[in-house]
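Observations on the three-dimensional arrangement
Each chain, letter by letter, is given below.
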Amino acid sequence: MKIAFIGAGSIGFCRQIFTDIMTVPELRDSEIVFMDINATNLDMVRELCQRDVDANGIDLKIRATTDRREALKDADFVINSVRIGGLEAFETDVEIPLKYGIDQCVGDTLCIGGIMYGQRVIAMMLDMCRDIREVAKPDVVHLSHSNPNAMVTWACNHYGKVNTIGLCHGEIHGEEQIAEILGYDRSELDFICAGLNHQTWYLSVKHNGKELRHTLLDAFLKHEVYSQEEKVRIDMLRRFGYYSTESNGHLSEYVPWYRKRTADIPKWIQMGSWINGETCGYLRICKESRNWFETDYPNWLKEPPWTYDGSNRSVEHTSHIIEAMKTRRIYRGTLNVINHHCIENLPPDCIVEVPCYIDGNGVSVPRIGNLPAGCAAVLGQSVAVQRLAVEAAVSGDDVLLRQAALLDPLTGAVCDPEEVWQMVDEMLIAQKRWLPQYADAIAAAEQRWAEKEKAGTLIPPKPYTGSTRQKTRTIEELSEHTEAMRHMVSKAAKEKVNV
């Protein structure tokens, strides 16, 4: 069996997923190929993982290549974690919108940042899907971690014609929170969680068959920490009756109510961790993680290798899916798949995040039925934005792109149509090198921008740098939190960091 890691230069993430796979004895004789366009990071992650393999006494040699088709050739599974444009492009996703008053915490799923991120990633993913169809095994399974997850999974399945499952761990962290406030271990509770990626609702929380969902609001309000850190999620729970999977900061940028007035944003944000809603918080933490790793990497090689005894296996779904398909052990996980009427009051062709069962026959998706009307209404608006954004990315139609931005809940709450049109022009121009499908539209945007600049008719930027912006810390400042930084970089995930 061959497993190809695309975007393996995401060092902490790739090492963790690879460790998860090596935890399963039946998967240790797989052919493993790491691929990334960043040869330096690729060499570092291969060196770290090969050292772990050797220390565990496993006869396996990891291959590394910058050639994507070579990595994909005859692959049974493709694990994807690409970030097109890296932090340079990601910075424009959140910095340019600030000039128009749009304050994002993350900007990789919805809002204008997530929409533009999707344009870059989908352009590349369709090329990769073509390669997969041409050189991988006919029944290859594509496991995608790339954001915006729902848009990418939608594009790969419908337009790339590759069997793609979108993966995220957000619902697991929410389950841990719920277990904590109710006083149980997570393993004692039964959850039904369904919706869209990063906008999934806990429809049922049971202990020994007894429904406890109605107790969540009171329990969260009484919790000393979460009552302060999860104000947006608690307010959504209060008004819609269901708790949402995603972090406070993430959720706040998917709906129009919590970040549209700059003076009001701080009342929803507790500043102990970036993930609670800090302005451009994910960009800051990504920059700090990159800078820290480049400095700290030699120390990683001095630390003991990771063991494959199960103690280092994460909650990520990836290894469990491969294990279930190859060993026939049944696994239940909340995955991103084509709806196909699983959720009746969302479009059948959209991508939903729902409980699935995986075994040797593949993925089985139970029927959820209708979501509560209010919850479905919130998600319906997100699906409309996703649909327009995906179709724009596939076709290179900048009118669809602008309409997606205009209909986005937070973008539309902050900006008028003319501001949206100018902002999209500015972002297309800034991201030109990563958007080949928009060549003609970008040329027109550049001409339009130059004419307006000459005539003095450009909408001036707002004097706004973010309501809860924090400066990127230096290596010296980060060195005061060595253990916390190493943990964060090794996980390479959107984790709560109180440093």
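In this text, all values refer to a predicted model and were calculated from it rather than measured experimentally.

In this section: the layout of surface pockets. Left-over empty space is what a probe sized like a water molecule reveals as it rolls over the atoms. Computed from the structure, the second largest pocket encloses a volume of approximately 330 Å³. What lines the second largest pocket is a set of 18 residues, among which Glu171, Glu175, Arg186, Phe191 and Arg332 lie closest to the centre. Within the residue set of the lining of the second largest pocket, elements represented by two or more residues are helix H7 (170-182), strand S7 (189-196) and strand S10 (331-338). Tallying contributions element by element places S7 first for the lining of the second largest pocket, with 5 residues. Broken down by class, the residue content of the lining of the second largest pocket amounts to 8 nonpolar, 5 polar and 5 charged.

Attention now moves to the nonpolar core. Phe5, Phe18, Ile21, Phe34, Ile112 and Leu143 are the most contacted members of the largest nonpolar core, which has 126 residues in total. For this core, the element with the highest residue contribution is helix H15 (residues 373-395), accounting for 11 residues. Once you skip the residues sitting within four places of it in the chain, Ile21 turns out to touch Ile3, Phe5, Leu27, Ile79, Ser319 and Ile322. Counting residues in hydrophobic clusters, the runner-up holds 25 residues, among them Val78, Ile84, Met124 and Trp434.

Looking now at the side chain of Thr23. Within the secondary structure, Thr23 sits in the loop between helix H1 (11-22) and strand S2 (31-35). Looking at Thr23, the relative accessible area reads 13%, which means it is buried. There is a polar contact of 2.9 Å between the side chain of Thr23 and the backbone oxygen of Thr19. Among residues more than four places away in sequence, those in contact with Thr23 are Arg28, Tyr308, Gly310 and Arg313.

Let us look at helix H13 (residues 281-300). Of all the bends in H13, the greatest reaches close to 45° and is centred on Glu294; the proline Pro298 follows between one and four positions later. Within H13, 14 of the 20 residues are buried, leaving the element largely enclosed by the surrounding structure.

All chains considered together, the criterion is met by 2 cavities of 30 Å³ or more. Within this model, the largest cavity holds a volume of roughly 50 Å³. Forming the walls of the largest cavity are Thr109, Leu110, Pro148, Asn149, Ala150, Met151, Asn197, Gln199 and Gln386. Here the lining of the largest cavity takes 3 residues from helix H6 (residues 149-158), the largest share from any one element. Residue composition of the lining of the largest cavity, by class: 4 nonpolar, 5 polar and no charged.

Bringing the pattern of salt bridges into the picture now. One pass over the structure, following the stated rule, counts 37 salt bridges. For the salt bridge of Asp235 with Arg238, the shortest nitrogen-to-oxygen distance reads 3.0 Å. Residue Asp235 and its partner Arg238 are located together in helix H10 (residues 231-240), separated by 3 residues, close to a single helical turn. Take Arg238: its relative accessible area is 42%, and that puts it in the partly exposed class. Across the pair Lys452 and Glu418 runs a salt bridge whose closest N-O atoms are separated by 3.5 Å. Here Lys452 is found in helix H19 (residues 439-455), whereas its partner Glu418 is found in helix H18 (residues 417-430), with 34 residues between them in sequence.

Quick look at unusual backbone geometry now. The step from Asn147 to Pro148 runs through a cis peptide bond, and the omega angle for that step is -5°. With respect to the element layout, Pro148 can be found in the loop between strand S5 (141-144) and H6. A positive phi is found at Lys161, a non-glycine position, where the angle reads about 60°. Among the secondary structure elements, Lys161 is positioned in the loop between H6 and strand S6 (164-166). Phi at Arg328 takes a positive value of approximately 70°, unusual for a residue other than glycine.

On to the pairing of strand S1 (residues 2-6), then. Within S1, 5 of the 5 residues are buried, which leaves the element mostly enclosed by the surrounding structure. Every second residue of S1 is oriented toward a common face, with Lys2, Ala4 and Ile6 on one face and Ile3 and Phe5 on the other, all of them buried. Bridging between S1 and S2 involves 5 bridges; their strand directions are parallel. Its bridge partner lying in S2, Phe5 is registered against Phe34. Note that the unit made of S1, H1 and S2 has a crossover that is right-handed.

Glancing now at helix H5 (residues 111-135). Taking 1.5 Å per residue, 25 residues should reach 36 Å; H5 reaches 35 Å between its end C-alpha atoms and fits that length. H5 sits mainly inside the fold: 21 of its 25 residues count as buried.

A few words on the state of the cysteines. This model, assessed by the stated rule, comprises 0 disulfides. Cys356 takes part in no disulfide bond, and the closest cysteine sulfur to it belongs to Cys342, at a distance of 7.2 Å.

For the pair H1 and helix H2 (residues 39-55), the least separation of the axes is 10 Å and the interaxial angle reads 30°. By the criterion of interaxial angle, the relationship of H1 to H2 is roughly parallel. Note on packing geometry: the crossing formed by H1 with H2 is right-handed. Judged by residue contacts, Ile11, Cys14, Arg15 and Phe18 of H1 engage Asn41, Met44, Val45, Leu48, Cys49, Arg51, Asp52 and Val53 from H2. Looking at side-chain class alone, the contact of H1 with H2 contains 8 nonpolar, 1 polar and 3 charged residues.

Structurally, the position occupied by Cys105 is in the loop between helix H4 (86-98) and H5. Sequence-distant contacts of Cys105, defined by excluding residues within four places in its chain, comprise Gly249, Glu253, Arg259, Trp274, Gly277, Glu278, Cys280, Gly281 and Tyr282.

What follows deals with the packing of H5 against H15. Helix-helix packing: each pair is described by the crossing angle between the helix axes and the interaxial distance. Interaxial distance between H5 and H15 falls to 9 Å at its minimum, and their mutual angle equals 45°. Between H5 and H15, the interaxial angle falls into the category oblique. Read as a crossing pair, H5 and H15 show a hand that is right-handed. On the side of H5, the interface is formed by Ile115, Gly118, Gln119, Ile122 and Leu126, while H15 contributes Val385, Ala389, Val390, Ala392, Ala393 and Val394.

Thresholds, definitions, all that
Residues numbered from 1 in each chain as written. Predicted model: local features only at pLDDT ≥ 70, side-chain atom pairs only at ≥ 80, totals over all residues. Heavy atoms only, no water. 1 Å grid on protein atoms, 1.4 Å probe; cavity = no way out; pocket = protein on both sides within 12 Å on 5 of 7 lines; lining within 4 Å. Points joined across faces, edges and corners; volume = space filled by probe spheres on them. Helix = DSSP H or I, 4+ residues; strand = E, 2+ residues; numbered from the N terminus. Nonpolar A, V, L, I, M, F, W, Y, C, P; charged D, E, K, R; others polar. Core = buried A, V, L, I, M, F, W, Y, C linked by side-chain atoms within 4.5 Å. Buried < 20%, exposed > 50% of the residue type's maximum accessible area, 1.4 Å probe, protein only. Contact = heavy atoms within 4.5 Å. Polar contact = N/O pair within 3.5 Å; in protein donor to acceptor, adjacent residues only side chain to side chain. Bend = angle between axes of the 7 residues up to and from the residue. Salt bridge = Lys/Arg side-chain N within 4 Å of Asp/Glu carboxyl O. Pairing = 2+ DSSP bridges. Right-handed = clockwise from strand over helix to strand, strands pointing away. Expected span 1.5 Å × (residues − 1). Disulfide = S-S within 2.5 Å. Axes fitted to C-alpha atoms, helices over the stretch in contact; angles between N-to-C directions. Parallel < 35°, antiparallel > 145°, perpendicular 65-115°, else oblique. Left-handed = near helix turned anticlockwise from the far one by under 90°.

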